[in-house]
Amino acid sequence: PSLLDSGIPTIDWIATHLRVSWLTPLILAISDLGKEGQVIFTVALAYWLWNKRYTTYLGYAMFTALLLNLLIKGWVMECRPPQTYWLEMVHNSFSFPSGHTQV
């Protein structure tokens, strides 16, 4: 059973009452910060400009977080909300835990 079934009314209320068109580009820009390419670029830039030892630890932590995210998603298998609520297309994957939030 999906936790989503009980959450659809909440998702619908949020999409109807709290979603505003002028905020969408900002939300999408923030979402882009959690994508793999941006994260790898940020870690590489930090390695070059900052303390190499701490940035190496950061890279290990992010790799571990990604691995845990994939394992937990495969174990929980929580489906995504209906496509009508999406701000952008998402590839076929499970929704929980959120990789963006974890990064």
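Here the structure is shown first, and the text comes after it.
Read on for a plain summary of the structure. A quick note: this is a predicted structure, and the numbers were derived from the prediction, not measured. (Residues numbered from 1 in each chain as written. Predicted model: local features only at pLDDT ≥ 70, side-chain atom pairs only at ≥ 80, totals over all residues. Heavy atoms only, no water.)

1. Description of helix 4 (residues 52-76)
Consideration 1: Taking 1.5 Å of rise per residue, the 25 residues of helix 4 would be expected to cover 36 Å, and the 36 Å separating its terminal C-alpha atoms lies within 8% of that figure.
Consideration 2: Inspection of helix 4 places Thr-55, Ala-65, Asn-69 and Lys-73 among the buried residues, and these make up the whole buried set.
Consideration 3: Residue Met-77 follows helix 4 closely and has a positive phi angle near 55°. (Helix = DSSP H or I, 4+ residues; strand = E, 2+ residues; numbered from the N terminus. Expected span 1.5 Å × (residues − 1). Buried < 20%, exposed > 50% of the residue type's maximum accessible area, 1.4 Å probe, protein only.)

2. Things to note about the environment of Ser-93
Consideration 1: Position of Ser-93 among the secondary structure elements: in the loop between helix 4 and helix 5 (99-102).
Consideration 2: Spatially, the C-alpha atoms of Ser-93 and Cys-79 are 7.8 Å apart, while their sequence positions differ by 14 residues.
Consideration 3: Among all residues touching Ser-93, those that are not within four sequence positions of it are Lys-73 and Arg-80. (Contact = heavy atoms within 4.5 Å.)

3. Here's the deal with the environment of Ala-46
Consideration 1: Looking at where Ala-46 falls in the secondary structure, it is placed in helix 3 (residues 36-49).
Consideration 2: Look past the residues within four positions of Ala-46 in its chain and what remains in contact with it is Asn-51 and Thr-55.

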